[in-house]
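# Fold and geometry: a report
Below are the chains, spelled out letter by letter.
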Amino acid sequence: QVQLVESGGGLVQPGGSLRLSCAASGYIFSLNAMGWYRQTPGRQRELVAAVVNRSDTTIYADSVKGRFTISKNDAKNTMYLHMNDLKPEDTAVYYCNALIQADLFDDETEFWGQGVQVTVSS
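Residues numbered from 1 in each chain as written. Predicted model: local features only at pLDDT ≥ 70, side-chain atom pairs only at ≥ 80, totals over all residues. Heavy atoms only, no water.

## So, the nonpolar core
Within soluble globular proteins, side chains that are nonpolar tend to cluster in buried spots. Counting residues in each nonpolar core, the largest one holds 31 residues, and the members touching the most others are Trp36, Leu81, Met83 and Tyr94. Of all elements in the fold, only β3 (18-25), β4 (30-39), β5 (46-52), β7 (68-73), β8 (78-83), β9 (92-101) and β11 (116-120) reach the threshold of two or more residues within this core. Tallying contributions element by element places β9 first for this core, with 5 residues. Excluding anything up to four places from it in sequence, Leu81 contacts Leu18, Arg19, Leu20, Trp36, Val48, Ala49, Phe68, Thr69, Ile70 and Tyr94. (Core = buried A, V, L, I, M, F, W, Y, C linked by side-chain atoms within 4.5 Å. Buried < 20%, exposed > 50% of the residue type's maximum accessible area, 1.4 Å probe, protein only. Helix = DSSP H or I, 4+ residues; strand = E, 2+ residues; numbered from the N terminus. Contact = heavy atoms within 4.5 Å.)

## Side note on the pairing of β11
Side chains Val116, Val118 and Val120 of β11 all project onto a buried face; the interleaved residues Gln117 and Thr119 project onto a face where none is buried. In this structure, strand β2 (residues 10-12) lies alongside β11, joined through 3 bridges in parallel fashion. When the bridges of β11 are listed, Leu11 appears paired with Thr119. The pairing of β9 with β11 spans 3 bridges and is antiparallel. Its bridge partner being in β11, Ala92 is matched across the sheet by Val118. (Pairing = 2+ DSSP bridges.)

## Regarding the side chain of Glu6
Mapped onto the fold, Glu6 is located in strand β1 (residues 3-7). No salt bridge is formed by the buried Glu6; the nearest opposite charge belongs to Arg45, separated by 8.1 Å. Separated by 2.3 Å, the side chain of Glu6 and the backbone nitrogen of Cys96 make a polar contact. A distance of 3.0 Å separates the side chain of Glu6 from the backbone nitrogen of Gln114, its partner in a polar contact. Among all residues touching Glu6, those that are not within four sequence positions of it are Ser21, Cys22, Trp36, Tyr94, Tyr95, Cys96, Gly113, Gln114, Gly115 and Val116. (Lys, Arg positive; Asp, Glu negative; His and termini not counted. Salt bridge = Lys/Arg side-chain N within 4 Å of Asp/Glu carboxyl O. Polar contact = N/O pair within 3.5 Å; in protein donor to acceptor, adjacent residues only side chain to side chain.)

## Topic: the state of the cysteines
Within this structure, the stated rule accounts for 1 disulfide. The residue that forms a disulfide with Cys22 is Cys96, at a sulfur-sulfur distance of 2.0 Å. Of note, the bridge from Cys22 to Cys96 carries an S-S torsion of about -80 degrees and is left-handed in sense. Remark: Cys96 occurs in strand β9 and Cys22 occurs in strand β3; sequence separation between them is 74 residues. (Disulfide = S-S within 2.5 Å.)

## Observations concerning the pattern of salt bridges
Under the counting rule described, the total for this entry stands at 5 salt bridges. Of the charged contacts in the structure, one is a salt bridge between Arg38 and Asp90, with a shortest N-O distance of 3.0 Å. Of this pair, Arg38 sits in strand β4 while Asp90 sits in the loop between β8 and β9, and the two are 52 residues apart along the sequence. You'll find Arg38 and Asp90 in the same group, each marked buried. By sharing partners, the salt bridges in this structure join Arg38, Glu46, Arg67 and Asp90 into a single network.

Structural data, given as structure tokens:
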């Protein structure tokens, strides 16, 4: 079964940078989309950035445009989120998400990583 393994979280000062990684393993016929979501206590999980492979399109939440960059390495089935100029408001648990078709005749399935903590504080 597909697994999403995240890394790169941690504590950073305001204005600093972090890079999150998400590596997908297992049989993958088609990786339709990958994205990063984040969630803070008492708030709904929100989309931060995503890559739609069909159209090779990237999307970003308005709050992170110009600061975050999503990228991927298809050969490694790995997605990255480069976060620059981090703000305290960016503090959250960040979750990797992927929409994967395991077989040509299978339906698309959603997978989630365990989540990594990002804390932006002085």
